[in-house]
Structures are given as C-alpha cells and as structure tokens.
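# Observations on the three-dimensional arrangement
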Amino acid sequence: MLHLELEKRLHAALLAARPGANVAAVRVLPAPDAKFGDYQCNALMTLARELKTNPRQLATEVVAQLNVADLCEPVEIAGPGFLNFRLKPTALGAVLAAAARGEHLFFAPAGAAARTYVVDFSSPNVAKPMHVGHIRSTGIGDSLVKVLRRLGHRVITDNHLGDWGTQFGMLLLGWKTRLDRAALEADPIGELERLYKEVNALCDDAKPTFDPAMRDAAKNELVKLQAGDAENLGIWREMQRLSQLQFDSVYGRLGVSFDHTLGESFYNPWLAGVVDDLVARGLARSSKDAVAVFADTLWADEASRPAPKDNPFLVQKDGEWVDQPALIKKSDGGFNYMTTDLATIAHRVREWAPDEIVYVVDDRQAPHFRQLFAIAARWHPDWTAKTKLTHVGFGKICGADKKPLKTRDGNTPKLAALLDEAEERALTLVTEKRAELSEARRKEIARVVGLGALKYQDLLPHRTSDYVFNWDKMLALTGNTAPYVQYQFTRAAKVARDGNGSDQGPRANDQIFLVEEQELALAKLLLNYGHTLTRTAEDYSPNFLCNYVYELASAYSRFYDNCPVLKAEEPTRSSRLVLCELTAKVLKDGLGLLGIETIDEM
RNA sequence: GCACCCGUAGCUCAGCUGGAUAGAGCAUCCGCCUUCUAAGCGGAUGGUCCCGCGUUCGAAUCGCGGCGGGUGCACCA
C-alpha cells in the first residue's frame with residue numbers, strides 16, 4: 001500500500017534528478033530484514049549501470065529530490081546504493097485507520113488497468129472418477145481466478161471437460177454389451193470406469209487380452225456417435241449427466257464454480273474447418289494418412305524458423321533433428337486434442353476477446369502447449385497480438401516413496417475419497433480437542449479444517465515442484481498449515497467481536513497508536529497484503545499467498561501473546577482492537593482467495 | 001539421444017525476478033498456562049545452497065559445462 005506511494009514519488013524524484021532517464025517505474029519492496037528499515041529500493045544500482053554513473057552518487061541526487069517526510073524517517077542510503085525507508089508510526093496508523101473505515105484492504109484494485117482473463121482449469125474426463133491429480137489444477141486454478149478477481153480483473157472460467165474422443169467408442173461398446181444396471185445405480189462412475197477398463201483391455205494391442213474384433217467394434221460405435229446416431233448420442237448424454245452429478249458434488253464440496261463448462265464435444269462442429277483452413281494456408285499437410293503441422297509448413301521460409309533447439313516441432317533422435325509434428329487429424333479421420341484446442345482458442349478469442357488465456361494443466365503437457373501456442377500465433381497473428389497464451393504448469397503429488405501417489409492397492413486415489421478422509425481425520429482431532437461441542441458443531445469444524453488443510457497443503461509448495469503428500473503434516477496444528485492460520489483467525493475474530501460489545505463506549509479509532517514491537521510488526525505485515533496479491537497474480541503462484549497468510553497469522557500470535565487487547569487502557573485498547581479486526585479481515589480474505597473457509601471457533 | 005522441470009539444514013519445503021549475515025516448519029533439547037482458546041509463545045542445536053568455470057560492485061538466483069533425480073518425445077488427453 002504505502003510502497004506504491006513510495007514508488008510513485010521515487011519515480012518522480014528520479015525523473016527530476018535525471019530528466020532524460022527512460023524509466024517506466026521503480027520497484028520498492030519490503031525490506032529483507034527489519035534492520036534495513038521497512039522498505040528498500042535497489043533499482044538505482046542497476047539503473048546507475050545503465051546510466052554509467054556511480055550508484056551512490058545517483059542515489060544522493062534522487063534522494064535530494066525526494067519528498068517523503070510525511071511517510072518516513074529521512075531516507076538512508078546504504079551499502080553500494082540501497083535506499084532504506086523507515087515508516088513513521090503515524091503514517092502506518094493512518095493507513096490502518098483508513099482500512100478500519102473500510103476505505104481499502106491494503107491493495108489497489110486494477111481499475112483502468114483491469115484485464116480480461118479466460119482461465120481454463122480442472123478439466124476432468126466424463127465417465128471417469130475425479131482423482132487426486134485433479135486437485136492441483138482445480139485448486140491452483142480456482143485460487144488464481146479468485147486472486148485476479150480480487151484485484152479487479154474480469155475473469156471468465158471455463159471447465160474444458162474431456163467429453164469427446166476415442167474413449168467413448170469403448171464406453172459405448174461396454175454399455176451395450178456388459179453394463180450392470182444395479183452397479184450403475186449404486187455407483188455410476190465406478191461402473192463406467194469398470195466398463196472402460198474392461199473394454200480397453202480388449203482393444204489395446206499392447207495388452208495380452210487384445211481382441212481385434214473388439215477394437216473394430218469400439219471404433220464402429222465411435223463412428224456412429226460422431227455421425228449422430230440417436231441411440232449412441234442418448235447413451236453418451238446419459239454418461240455426461242451421470243458425470244456431471246459427480247462433478248457437481250465434488251465442486252460443491254470444494255466451493256468451486258465455473259462460468260462455462262464447454263467440453264471438447266462443444267467444438268466438434270468446427271474441427272473439420274480448422275483442419276481445412278490450416279491445410280489451405282499451407283500451415284499443415286498430409287503425412288502417413290494423417291494431417292499434421294510441421295516445422296517446415298508452419299515456417300515455410302527457413303529464415304523465420306526458430307533454431308532446432310527452440311523449435312517445438314523438432315526433436316533430436318540418434319543425433320539428428322527429426323520432425324515432431326503436431327497431429328490435427330488422425331489417419332482414421334478422427335480429430336484429436338490439438339484440433340480441439342485450436343478451435344477452443346478461436347471460440348474464446350471471438351467470444352470474449354481476452355487479454356490472456358491461462359491454462360492450468362499438468363507440466364507434462366508443456367510440449368503440447370508450446371506447439372499449440374506456436375500454431376495459434378502463425379495461424380492468426382492478430383489473435384496472439386491481442387491475447388497472451390499462458391500455460392501454468394504444475395508438478396506431481398507423490399507418496400512417501402517419491403513416486404506418484406497411489407492407494408494401498410496400487411490405484412490412483414479418488415478425489416471424493418480424499419475429501420472424505422480429510423474430513424474424517426479432522427473430526428478425530430476436533431473431538432480430541434473439543435469433546436464438549438455438539439457432534440454437528442464438531443463435524444462442521446472438521447469439514448472446514450479438513451478441506452482447508454488439504455487445499456493448503458496442495459497450494460503451499462511452489463506449483464512447479466513435485467510434493468510429498470502427508471496426512472500428518474497436513475493436519476498438524478503447528479507449523480505452516482491451514483489449521484494454524486485458521487486458528488489464528490478465530491482468535492483475532494473472537495477478540496474483535498468481544499471488544500466491540502456495546503458496553504465498551506465509543507471507539508477512538510481515528511488515530512491508531514503503535515508502540516510495541518509486535519504491534520508494529522503486525523501492522524507492517526498487513527500493509528504487504530497488496531504486494532503479495534500482485535506477486536501471486538504475476539507469477540500464477542498461490543504459494544506466495546500461503547506464505548503470506550502464515551506470516552501474518554504468526555505475527556498475530558506473537559502480538560496476541562504479548563499485547564493484551566481487551567484489558568488494555570484507552571487509547572491502546574482501541575488501536576489493538578483495530579489490529580485484531582484488520583488481521584481477521586485480511587486472514588479471512590487471504591484464505592478465501594486460496595479457496596479456504598474460516599470458522600469462528602475451533 | 002534431445003527437450004523441459006528439479007537439486008537449499010537429518011526430513012518436508014520457502015527464498016519477492018541479481019541484493020545486505022541463506023529462512024520457516026517438522027524432528028531433537030530447554031523453558032512458559034491463576035492472565036482475551038496452550039490447536040499457542042520464547043530459546044538452543046542444525047548449511048560445501050549438487051560440482052566447476054564465467055558474467056559484475058554483488059550469484060542459491062543469470063550463462064556455459066558436468067553430475068544426480070523426475071517427466072515428455074505423431075494418430076490418448
């Protein structure tokens with residue numbers, strides 16, 4: 001909050017000191033250590049190099065033009081040319097007082113700079129159970145959406161379901177020949193999964209159970225579906241309906257919703273046109289009965305072609321660079337997900353004209369997105385001039401053996417079962433701690449704590465790193481976990497509630513007095529909320545926000561231990577009460593942006 | 001073989017786009033409830049930031065070369 005003001009004034013001072021300098025902005029960041037003050041600027045040192053001047057000399061000139069006496073103590077020039085800013089407690093108090101009046105929550109909304117985003121995340125497959133892998137895309141995507149919206153951007157969410165493609169040939173065949181109606185009634189997705197596995201074992205020529213007749217039969221069902229066969233369409237719609245029930249249940253528990261659920265099938269009518277157009281423009285050509293995009297079709301003139309190392313359509317095999325084409329039409333005439341993804345970009349650009357499309361998808365698909373984005377850029381340069389395409393990748397969830405997480409029987413854990421277990425384990429804990437509460441109350445606390453812990457564990461590691469799933473660590477009540485942060489929230493909220501009782505007289509919160517070390521530390525952290533949100537959005541990394549709420553919770557806990565609130569004398573009491581209120585507000589807001597609920601008692 | 005991701009304390013991980021003495025949690029050890037919820041707080045121990053070279057005022061961070069782990073390399077998404 002204040003650092004934005006400092007940046008603005010610093011920028012002005014810089015231009016005053018060096019009128020010719022071509023500098024768009026100057027970054028002011030929270031200082032790494034309190035002994036260097038509250039904020040620091042190190043940009044002048046790199047700038048000095050560009051301007052070919054002595055950094056300390058430049059710093060001296062800039063500081064001479066800088067007027068921040070209302071906000072800080074005299075600015076200190078340190079080391080090779082750092083600027084250290086030490087906030088005045090009165091300036092800090094004024095920002096808190098404004099926040100207490102509801103004028104802001106320590107961040108500046110994008111306003112005129114608001115952008116339009118399409119965020120593509122979660123994307124489960126129809127007729128398959130959502131599994132542990134979906135938690136990452138869903139959690140990271142949902143959190144990024146919430147952060148972007150909080151910052152004032154326009155966000156359109158789209159759940160790009162896997163509801164079309166070769167698997168439906170097998171599913172249709174299974175449905176017609178070996179469906180167990182009772183099992184379907186009891187557990188629809190489980191039965192569909194069984195059908196798929198059984199038929200797939202017969203259709204996969206790599207498996208010992210392979211039966212060519214079955215493969216042909218499955219393909220025939222698929223062709224009929226794609227040709228609009230009424231019976232197959234009906235079955236397909238029923239599978240969709242059953243799947244949507246599952247999705248609704250899981251998303252409901254997770255508190256996730258989408259503006260649009262346009263699955264792959266939605267784009268079916270345009271796929272042939274996409275291929276024809278790419279061929280007509282010479283960007284794709286036939287090869288081995290299929291149609292594909294090659295390095296030499298996409299960049300016909302060699303001069304414009306990227307170096308082999310940076311070319312997503314080349315791969316080195318046995319010391320030679322060979323084609324790594326992107327298939328847009330299979331030899332059997334079917335289309336695949338590259339074609340669908342191209343049609344999807346076309347639709348999104350046409351429909352929403354976004355500034356950016358963000359794909360929250362497993363890192364293993366990075367090569368696909370490199371190809372996709374390259375084709376889009378050559379196909380319609382006007383689209384990519386307006387719309388930035390971003391793949392936000394993420395790593396795997398591992399078991400204790402550092403291999404992808406499996407259940408005891410070797411299967412991929414189902415998401416619904418994971419949510420159940422999180423709530424059950426949390427209930428055991430709540431019952432230990434708060435046996436006196438009613439069962440309904442304990443269950444509600446367990447729901448909030450269990451799901452919060454699960455989501456938080458998933459968002460805390462940087463998204464690109466693989467992480468080890470650990471129930472005990474996740475639900476630990478100490479350390480950097482959701483329950484810890486949620487608990488600090490309940491304490492802050494409780495004090496704020498109790499302190500605002502009617503018998504306490506008028507509140508003197510127009511002036512905030514900050515004296516104690518823990519009060520100052522807490523107040524300064526509150527001010528960094530906006531900076532954290534910006535970083536989170538810029539890097540598509542919710543872990544920044546996790547670490548922030550943890551730090552804030554931790555600072556609150558130290559404050560709580562050292563600074564009595566309700567028993568303090570005025571005006572200290574009111575000032576501390578404001579700190580409690582604002583901490584509770586920011587913790588609730590921050591956790592909310594992570595998709596994590598809070599609760600009034602734990 | 002090639003590309004991408006990763007390598008930081010015994011363990012699990014951060015590290016704000018190149019900043020000042022590399023941080024946190026867990027684990028281990030020692031303290032603190034007559035006091036707004038101890039699901040808490042304080043302290044101690046713990047490092048060749050995988051290795052080497054380079055770029056510069058300054059490198060865990062950037063470049064190059066190794067070593068080690070993971071992932072991906074036409075008709076599945």
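Residues numbered from 1 in each chain as written. Chains lettered and ligands numbered in written order. Predicted model: local features only at pLDDT ≥ 70, side-chain atom pairs only at ≥ 80, totals over all residues.

### So, the confidence of the model for chain A
Close inspection of predicted coordinates is inappropriate in any region flagged by low pLDDT. Heads up, the condition is: pLDDT expresses how confident the predictor is about each individual residue, on a scale running from 0 to 100. Strands here mean DSSP runs of E at least two residues long; helices mean DSSP runs of H or I at least four residues long; both are numbered from the N terminus.
Per-residue confidence for chain A gives a mean pLDDT of 91, with 98% of residues at or over 70. The spread of mean pLDDT over the elements of chain A runs between helix H18 (residues 471–474), the lowest at 80, and strand E6 (residues 154–158), the highest at 98.

### Concerning the nonpolar core
The condition that has to hold: A set of buried residues qualifies as a nonpolar core if it consists of Ala, Val, Leu, Ile, Met, Phe, Trp, Tyr and Cys joined through C-beta atoms within 7 Å. Remark: C-beta atoms are placed from the backbone, and a residue is labelled buried if 20 or more other C-beta atoms sit within 10 Å of its own, exposed if 12 or fewer do, or partly exposed between those counts. Placing a C-beta atom from the backbone of each residue, one calls two residues in contact when those atoms lie within 7 Å.
Core analysis: the largest hydrophobic core is formed by 144 residues, its most contacted members being Val549 and Leu587. Among the elements that make up this core, the one with the highest residue count is helix H22 (residues 543–562) (eleven residues). Among all residues touching Leu587, those that are not within four sequence positions of it are Val485, Gln488, Phe489, Ala492, Val549, Leu552 and Ala553. Counting 23 residues, the second-largest nonpolar core is a separate cluster that includes Val126, Val199, Ala218 and Leu222.

### What about the pairing of strand E12 (residues 356–360)?
Note the threshold: By definition, two strands form a pair when at least two bridges between them are found by DSSP.
Counting buried positions over the five residues of E12 gives four, a clear majority of the element. With four bridges joining them, strand E5 (residues 116–120) and E12 adopt parallel strand pairing. From the neighbouring strand, Tyr117 faces E12, where its bridge partner is Glu356. With five bridges connecting them, E12 and strand E13 (residues 388–392) associate as parallel partners. Bridging across to E13, Ile357 finds its partner in Leu389.

### Concerning the sheet that holds strand E7 (residues 285–287)
What counts here: Fitted lines through C-alpha atoms give the axes, limited to the stretch in contact for helices. The angle between two N-to-C directions lies from 0 to 180 degrees.
The strand order across the open sheet built from three strands is E7-E8-E11, with neighbouring strands paired in antiparallel fashion. Of all the strands in the sheet, the pair left with one neighbour each is E7 and strand E11 (326–329). Going from strand to strand, the sheet's axes swing by 50° on average, the running direction of each strand aside.

### Notes on the environment of Leu475
As for its position among the elements, Leu475 is in the loop between H18 and helix H19 (482–499). Classification of Leu475 by C-beta neighbours within 10 Å gives buried; the count is 21.

### Observations regarding unusual backbone geometry
Note the cis peptide between Glu570 and Pro571, where omega equals 5°. Mapped onto the elements, Pro571 comes out in the loop between H22 and helix H23 (572–593). Despite not being glycine, Lys288 shows a phi value in the positive range, around 50°. Considering the arrangement of structural elements, one finds Lys288 in the loop between E7 and strand E8 (290–293). Owing to 9 C-beta atoms within 10 Å, Lys288 belongs among the exposed residues under this scheme. In this model, Tyr540 sits at a positive phi of 50°, which is unusual for a non-glycine residue. For Tyr540, the position within the fold is in the loop between helix H21 (529–539) and H22.

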